[in-house]
Amino acid sequence: MAESRNEVTIVDHRSGQEQKLAIDKGAIRAVELGKLKDPQTGQGLLTYDPALLNTAACKSAITYIDGDQGILMYRGYPIEQLAEQSHFMEVAYLLLEGELPSQTQLQAWENEVTYHTMIHENVKKFMDGFLYDAHPMGILVSTTAALSTFYKDAKKIDDAPSRHLQKVRLIGKMITMAGYSYRHSMGLHYILPDNELSYAGNLLNMMYRMAEPKYTPNPVLEKALDLLFVLHADHEQNASTNVMRCVGSSRIDPFTATSAAAATLYGPLHGGANEAVLVMLKEIGTKDKIPAFLKSVVAGEGKLMGFGHRVYKNYDPRAKIIKKVAHEVFQVTGKNPLLDIALELERIALEDEYFVKRKLYPNVDFYSGLIYQAMGFPVEMFPVLFAIGRTVGWLAQWEEMLLDPEQKIARPRQIYTGAGKRDYVPLKKRG
Ligand code: ACO
């Protein structure tokens, strides 16, 4: 049997050159391939990987996913344990600082975030400028970028205390901007944050408080929303996180970088799938229509939204947790009539050869929209809720990127397929 070594040998048959590449943590360094030169042009060999399907762009100690086993861990802690025993503020500390906080640290952290929920009066005026029917996610993306003009010290990204302050500011203000973006779209006056409420409770307060002198969130709904923030807090190198790192690598401030990440999340292939699930369930309408619907999916006439994942080839662990919580929420709100269709759809799909063969299971979005809808959130708020939780992950990944001595400004290469050199033709001489 061949001796096992952590290296791979590549023979370039253009030149006969042989190159040994060390394998470290299951990867080879792409730049090493550049040592294999085209004998004609001297051009080093590139890797071609559209959509970065098989490229690790960083080393990260934040989130671990095993897609085949359906495992998700933040800083080594299984998501199931965090969902069961922790809460969003503690998970935010864990993701950002690397360890669970002590009692004193947690208290100080919660106080810091709570006391940074207020926004400048001019930020309110900025939000007022949007049309009455502006999408709340569009408002959130723009207002997050606008924060960089209010906190000029955010440019000091090499200064650890300044980085900490910006993280606290952004996490604190995210719920306020989200609440105001909703109130703006409803034509309602803005509600100030209430320092006595939890993070999730405060968002509910800023969205739903009417004339009552003190808003008291329903504890079941408050806990469910907090849990949804936990489940969405980070998911390693997804599209928006990749953008956070990429934009941040130009050494811009974290508010501008977060705005770019949130813009990526806004897209229907990323943060918008839960809305698509609701549309699909409504279209199916009744349980007896499910077999015909699945038949059309198998025939390639559409997708089963909320199913399938680039990384998970097993049940998404977050979907399992959400499914359980859905029942608790529905006890308070009344059952979402679409739930029965979703459950039956899942049952039949998981027995269908098409889905079994392709390892297509429910992902996080299959049940989250049902809960959000039952809690009274309009669908336009779904990506906003996702962004609130994910802001923590974006910031943790941003700082990890900044402190990684191997990282530089992100700048991929290309394979040029355009015209060869040709001479400029003056306008008059063009046919
Ligand atoms: N319904 C039906 N068929 C599907 C589905 C689906 N939801 N997802 C994948 N497939 C099929 C594909 O057509 C393909 O079939 P083929 O081999 O016969 O061509 C096979 O399964 C492999 O799928 P890919 O498209 O290669 O998987 P990819 O990793 O590119 O896509 C994605 C992953 C985008 C999530 C896809 O599964 C999908 O579109 N799902 C529905 C949308 C959705 O739920 N998105 C939310 C993702 S989670 C999140 O972003 C928070």
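1. A word on the layout of surface pockets
Empty space among the atoms becomes apparent when a probe as large as a water molecule is rolled across them.
Point 1. Taken as a whole, the second largest pocket encloses approximately 690 Å³ of empty space.
Point 2. As for the second largest pocket, its lining consists of 33 residues, and the residues nearest its centre are S86, H87, K223, D226 and L227.
Point 3. Element by element, the count of residues in the lining of the second largest pocket is highest for helix α9 (residues 219-232), at 7 residues.
Point 4. Counting only domains with at least three residues in the lining of the second largest pocket, you end up with domain 2 (68-270 + 379-403) and domain 3 (273-374).

2. A closer look at the domain arrangement of the protein chain
Point 1. Taken domain by domain, the protein chain consists of domain 1 (1-48), domain 2 (68-270 + 379-403) and domain 3 (273-374).
Point 2. If you average the C-alpha positions of domain 1 and of domain 3, the two centres end up 44 Å apart.

3. Digging into the sheet that holds strand β4 (residues 71-74)
Point 1. If you walk across this open sheet you meet the 3 strands as β3-β4-β5, and the pairing is antiparallel. One side of each edge strand has no neighbouring strand; the edge strands of this open sheet are β3 (63-66) and β5 (77-78).
Point 2. Relative to β4, β3 runs antiparallel, the two being bridged by 4 bridges. Note on β4: the bridge partner recorded for D66 is I71.

4. Overview of helix α3 (residues 88-97)
Point 1. Of all 10 residues in α3, 9 are buried; the element is thus mostly enclosed.
Point 2. For α3, the set of buried residues is F88, M89, E90, V91, A92, Y93, L94, L95 and L96.
Point 3. Positive backbone phi, approximately 95 degrees, marks G98, located one or two places after α3.

5. Concerning unusual backbone geometry
Point 1. Positioned with a positive phi, L52 is a non-glycine residue whose angle comes to about 50 degrees.
Point 2. Mapping L52 onto the fold places it in the loop between α1 (30-33) and β3.

6. What about the pairing of strand β2 (residues 17-22)?
Point 1. Bridging between strand β1 (residues 7-12) and β2 involves 6 bridges; their strand directions are antiparallel. When the bridges of β2 are listed, E7 appears paired with A22.
Point 2. Here β1 hands over to β2 after 4 residues, with G16 in that stretch at a positive phi of 80 degrees.

7. Details of the packing of aromatic side chains
Point 1. Taken as a whole and judged by the stated rule, the model has 16 aromatic pairs.
Point 2. Residues F307 and F366 carry aromatic rings whose centres are separated by 5.2 Å and whose planes lie at 80 degrees to one another, so their mutual orientation is edge-to-face. Within this pair, whereas F307 is found in the loop between α13 (290-298) and α14 (317-333), its partner F366 is found in helix α17 (residues 365-374), the two being separated by 59 residues in sequence.
Point 3. Within the aromatic cluster, the residues linked to one another by ring pairs are Y182, Y208, Y372, F377 and F382.

What counts and how
- Residues numbered from 1 in each chain as written.
- Predicted model: local features only at pLDDT ≥ 70, side-chain atom pairs only at ≥ 80, totals over all residues.
- Heavy atoms only, no water.
- 1 Å grid on protein atoms, 1.4 Å probe; cavity = no way out; pocket = protein on both sides within 12 Å on 5 of 7 lines; lining within 4 Å.
- Points joined across faces, edges and corners; volume = space filled by probe spheres on them.
- Helix = DSSP H or I, 4+ residues; strand = E, 2+ residues; numbered from the N terminus.
- Domains from an automatic or database assignment.
- Pairing = 2+ DSSP bridges.
- Buried < 20%, exposed > 50% of the residue type's maximum accessible area, 1.4 Å probe, protein only.
- Phe/Tyr/Trp six-rings, centres within 6.5 Å; stacked < 30°, edge-to-face > 60°.

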